[in-house]
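# Breakdown of the fold
Spelled out from the first residue to the last, the chains are:
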2 protein chains.
Amino acid sequence: MSVTDFEQRRKEILGLIIEAYVLSASPVGSELVSKKLRSSLSSATIRNIMVELEKSGYLEQPHTSAGRVPTDRGYRFYVDAVMDTAHLSPDELRQIEVLIQPPELDVEQLLQRASGVLAGLTEQAAFAVSPTVKQRTVKQIELMPLGVRKILCVLVANEEMIASHVVEIEEPMSRDEAAALGRFLNTELAGLAFSELLNSLERRMLAESDSFYHLVKRSLGILQHALSSEPNDRLYLEGASYVVAQPEFSRHPRKAHELLKGLDNEQTLLERIRQDIAPEGVQVRIGREVQLPGLEECSYLTAPCAIGEEIVGGLGVLGPKRMSYRRMRALVEGMARCVTNLLTQWDTR
Amino acid sequence: MSVTDFEQRRKEILGLIIEAYVLSASPVGSELVSKKLRSSLSSATIRNIMVELEKSGYLEQPHTSAGRVPTDRGYRFYVDAVMDTAHLSPDELRQIEVLIQPPELDVEQLLQRASGVLAGLTEQAAFAVSPTVKQRTVKQIELMPLGVRKILCVLVANEEMIASHVVEIEEPMSRDEAAALGRFLNTELAGLAFSELLNSLERRMLAESDSFYHLVKRSLGILQHALSSEPNDRLYLEGASYVVAQPEFSRHPRKAHELLKGLDNEQTLLERIRQDIAPEGVQVRIGREVQLPGLEECSYLTAPCAIGEEIVGGLGVLGPKRMSYRRMRALVEGMARCVTNLLTQWDTR
DNA sequence: AATTAGCACTCATCAATATAGAGTGCTAAC
DNA sequence: GTTAGCACTCTATATTGATGAGTGCTAATT
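None of these values were measured; they are calculated from a predicted model.

## Quick notes on the pattern of salt bridges
Residues and elements named next belong to chain A. As enumerated under the stated definition, the model contains 32 salt bridges over all chains in all. Of the charged contacts, one joins R76 and E289 as a salt bridge, the two residues approaching to 2.6 Å between their closest N and O atoms. Here R76 is found in helix α4 (residues 72-82), whereas its partner E289 is found in the loop between β8 (283-286) and β9 (298-307), with 213 residues between them in sequence. The closest approach of N and O atoms between E248 and R322, which form a salt bridge, is 2.5 Å.

Now the structure itself:
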């Protein structure tokens, strides 16, 4: 038997152990593996291999004379090198699209639905992070005076992504002035990324001392405020109850409590998840890799959502380390694809 | 000893039992009550009174030879007729105002902070319902074409409450047309409640066949859409982990799971809570009165938040039935007062 | 050299049992 | 109307022993 065959067999057995453990939530013994294995090997042989897998750090024993349980490293190896990739069928994708389609063209509603449906499908906690208008390019900017010293600044990235902010200003501004300023901004700034807006205006202020100086200065003040806060920067999270119901947590109330405390921390979660949203597709974080307080016993998967080529947000699933990574990956990928499809459709309509 | 003295003593004992139970979470025996009672009565006498209180339905025994535990009815009586009212000191109120003040004039952010701070102070789950623009009166309406067949409709109730919706329309509309329509709407509809808007327009359509007919018709179509969905209609909920950590739930994982499932149901919760927000002030719902699936073992308190005299939202606290209603009422009332203060300040600034 | 049967050993789990003590209701005395 | 005293009930906790799943090791087998 060649070395690679050897390796292959170890992988297969690790896979079987993990899959059995995912279902049963209790340590897996050599007998069971022996039965499930295609090539018939006795439990004794399996035991020998299990010892090797334990030495490699993929498995561990809760105590002498219990079966084996995967370690973080075991799961990681399984995800990277053992499990095969599944995809949802076109039919399932269509069904999901129907489920998440909101009655209106509204990104927030879409994401809320997506996280809800994803939680239901996976029976885990599911999340979606709303894209910030900042990441997108300017389509239109409108200014509208409210009262004397307040101005409503509406930033339009595209039809579905709109941010409006009330900005307090020093000098009063009339309706006509606002309209003029709006026209100025729209001709000068359309097509820029919102993130470059301020830089661009600042550069102009330094360079030219032209007739627009006053306009530029006022715009800068207003846009600085409007872009500084983004209340829509939100994490939709649903289905925490599924996770707490898992034996890992329901048997250890303290852990459940810590998990929920961790999930209450919307901002921390959001930042961490944002980091993982990458164009490469589905990302997996396992156990201690999660690096979020209270979520050491959890794993999560993320996938990016895009409008066309531009990544504008993401979604994913969070559950106990003991989850079916194969199925979760398929579902997260499928859901992200559906959201991306819908957003892109909306955008080009 | 007169009848009212008699009644008074029963109340005092019920109060002691409830307060002890709130702290200890375990059935309260006659010995303990006897010790805590000011007028010294032996445990035997207390037992007799406890039997009466049990007959009245205020107490029950988990089993023979355990102490007593309050029933829903017992809590209700305690809240209505036994406990005294506490209020936060002006100093505490000021501290809270500082804590919840957001960096910007934004109702949503204010409510989010309020629910977070309230959860921290009460160590229970706390919630806040965002006011819908529908409940307020029209200050300004702006229409802004986006692309060919879409129009952005901005509804301004006051500086801090703004709702914007993208509406798809049949016939294209130019910038000028939109501006004209906007002017029409602002002159005709300002001061009306948003909820009356549609009715008012419909009446006009039937009555007059005047030169404005076309304008009215178009407005109606747009506003119908814009008002039909209210994505800001949201419930902020924080601190569920506190509740799950209470022995009522941490000792019974199934109950904890059901609680969390109940809390996941944002819409149902929101509707139920809205019903309870009354101008009279703090409302209390206890146990089965809650009438929300999965929350039979909980109680909640709500208080209205207003801008001036007009109630625009509310907030409250949710926890196990075994909570310090006295302290919760003070905190909920105080927090509502702070939010009301801030909103009213903003509005009149 | 790899595999396997056989076996002694370990340890968690579960049910059965005993024990302690908290709290009751009742009765009779104050 | 109040209270001391007491028998009684029932939970909570600890103890014990039996069960069995699963292991590691050794020696036999292929």
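## Concerning the relation of the copies chain A and chain B
Superposing chain A onto chain B requires a rotation of 180° together with a translation of 0.1 Å along the rotation axis, leaving an RMSD of 0.3 Å. Put plainly, the chains are arranged around a two-fold axis. Measuring from the rotation axis to each C-alpha of chain A, the shortest distance belongs to P253(A), at 3.6 Å. Most of the interface of chain A is mirrored in chain B, where 100% of its interface residues are also at the interface.

## Structural notes on the protein's contact with DNA strand C
Close contacts around DNA strand C come from 20 residues, with R9(A), T45(A), S65(A), S30(B) and R68(B) the closest. The sugar-phosphate portion of DNA strand C accounts for 75% of its atoms within 4 Å of the protein, the bases making up the rest. Side-chain polar atom of R9(A) to a phosphate oxygen of DNA strand C: 3.0 Å apart, as the coordinates give it. Between DNA strand C and the protein, one listed contact pairs a phosphate oxygen with a backbone N or O atom of S42(A) at 3.0 Å. For the surface near DNA strand C, the secondary-structure elements that each account for two or more residues are α3 (43-55) of chain A together with α3 (43-55) of chain B. Taken together, the residues of the surface near DNA strand C sort by class into 4 nonpolar, 12 polar and 4 charged.

## A few points about the domain arrangement of chain A
Residue and element names in this part refer to chain A. Considered domain by domain, chain A is made up of domain 1 (3-82), domain 2 (90-131 + 232-348) and domain 3 (137-228). The C-alpha-based centres of domain 1 and domain 2 are spaced at 29 Å. Counting residues at the interface gives 7 residues for domain 1 and 13 residues for domain 2. Summing both sides of the interface, domain 1 and domain 2 together bury roughly 1000 Å²; the carbon and sulfur share of this comes to 58%. Counting the contacts that link domain 1 with domain 2 gives 3 salt bridges. A salt bridge links D72 to K321; the nearest nitrogen and oxygen atoms lie 2.8 Å apart. Run the count over domain 1 and domain 2 and you get 5 residue pairs in polar contact (both at pLDDT 80 or more). Going through the elements one at a time, α1 (3-24) and α4 are the ones with two or more residues in the side of domain 1 that touches domain 2.

## Observations concerning the environment of L315(B)
Residues and elements named next belong to chain B. Residue position: L315 is located in strand β10 (residues 310-320). Judged by relative accessible area, L315 falls into the buried class, the value being 1%. Between the alpha carbons of L315 and V282 there is a distance of 9.6 Å; along the sequence they are 33 residues apart. In this view, L315 contacts A114, L118, F127, A128, L301, T302, A303, C305, V332, M335, A336 and V339; residues no more than four positions away in its chain are not counted.

## Details of the protein's contact with DNA strand D
Around DNA strand D sit 21 residues, and of these S30(A), R68(A), R9(B), T45(B) and S65(B) come closest. By atom count, sugar and phosphate contribute 73% of the portion of DNA strand D lying within 4 Å of the protein. Here a phosphate oxygen of DNA strand D and a side-chain polar atom of S30(A) are 2.6 Å apart. One nitrogen or oxygen atom from the side chain of R9(B) is found 2.9 Å from a phosphate oxygen belonging to DNA strand D. The residue inventory of the surface near DNA strand D, partitioned by class, reads 5 nonpolar, 12 polar and 4 charged.

## Observations concerning the interface of chain A and chain B
Contacts between the two partners involve 43 residues from chain A and, on the opposite side, 43 residues from chain B. At the boundary of chain A and chain B, one finds 2 salt bridges. Across the salt bridge formed by E142(B) and R175(A), the nearest N and O atoms sit 2.8 Å from each other. Put simply, chain A and chain B have 7 residue pairs in polar contact (both at pLDDT 80 or more) between them. Its residues assigned to classes, the side of chain A that touches chain B comprises 17 nonpolar, 12 polar and 14 charged.

## Focus: the packing of aromatic side chains
According to the stated counting rule, one finds 6 aromatic pairs over all chains in the structure shown. Ring geometry for Y75(A) against Y325(A): centres 5.6 Å apart, planes inclined by 55°, an arrangement best described as tilted. Placement of Y75(A) in helix α4 and of Y325(A) in helix α14 (residues 325-348) is noted, with a sequence separation of 250 residues between them. Y75(A) sits in the buried class, given a relative accessible area of 2%. The buried category is assigned to Y325(A), whose relative accessible area is 1%. With a centroid separation of 4.7 Å and an interplanar angle of 10°, the aromatic rings of Y58(B) and F77(B) are classed as stacked. Residue Y58(B) is located in the loop between α3 and β1 (59-60), and its partner F77(B) is located in helix α4 (residues 72-82); the two are separated by 19 residues in the primary sequence. For Y58(B), a relative accessible area of 12% corresponds to the buried category.

## Some details on unusual backbone geometry
In this model, E123(A) sits at a positive phi of 55°, which is unusual for a non-glycine residue. Positionally, E123(A) belongs in the loop between α6 (107-122) and β3 (125-129). Residue E123(A) is classed as partly exposed on the basis of its relative accessible area of 49%. A positive phi is found at Q291(B), a non-glycine position, where the angle reads about 50°.

About the cut-offs
- Position numbers for residues start from 1 in each chain and track the written sequence from start to end.
- Just so you know, chain letters begin at A and ligand numbers begin at 1, following the order they were written in.
- A pLDDT threshold of at least 70 governs which residues receive local features in this predicted model, and a stricter bar of 80 or more applies before side-chain atom pairs are shown or counted, although totals over entire chains, interfaces and linings include all residues.
- Note: side-chain values were computed over all heavy atoms of the structure, leaving out hydrogens and water.
- By definition, a salt bridge exists where a carboxyl oxygen of Asp or Glu is found within 4 Å of a side-chain nitrogen of Lys or Arg.
- In this description a helix means any DSSP run of H or I spanning at least four residues, a strand means any run of E spanning at least two, and both kinds are numbered starting from the N terminus.
- Superposition of the copies was done by least squares, using only C-alpha atoms of residues whose pLDDT is at least 70 in both.
- In what follows, a contact means two residues having at least one pair of non-hydrogen atoms within 4.5 Å.
- Residues are classed as near a molecule or strand on a simple rule: at least one heavy atom within 4 Å of it.
- Pairs of N or O atoms are called polar contacts if they sit within 3.5 Å, as long as, within protein, a hydrogen donor faces a hydrogen acceptor (for residues adjacent in sequence, only side-chain-to-side-chain pairs).
- In this classification, the charged set is Asp, Glu, Lys and Arg, the nonpolar set is Ala, Val, Leu, Ile, Met, Phe, Trp, Tyr, Cys and Pro, and all remaining amino acids, among them Gly, are polar.
- Annotation comment: domain bounds sourced from an automatic or database domain assignment.
- When two parts are brought into contact, each loses some accessible area as probed by a 1.4 Å sphere; the total of that loss over both is the buried area.
- Buried residues are those whose accessible area, probed at 1.4 Å on protein chains only, stays under 20% of the maximum for their type, while exposed residues exceed 50% and partly exposed ones sit between those limits.
- When the centres of two rings from Phe, Tyr and Trp lie within 6.5 Å, Trp using its six-membered ring, the rings pair. Their planes under 30 degrees apart give stacked, over 60 give edge-to-face, and anything left gives tilted.

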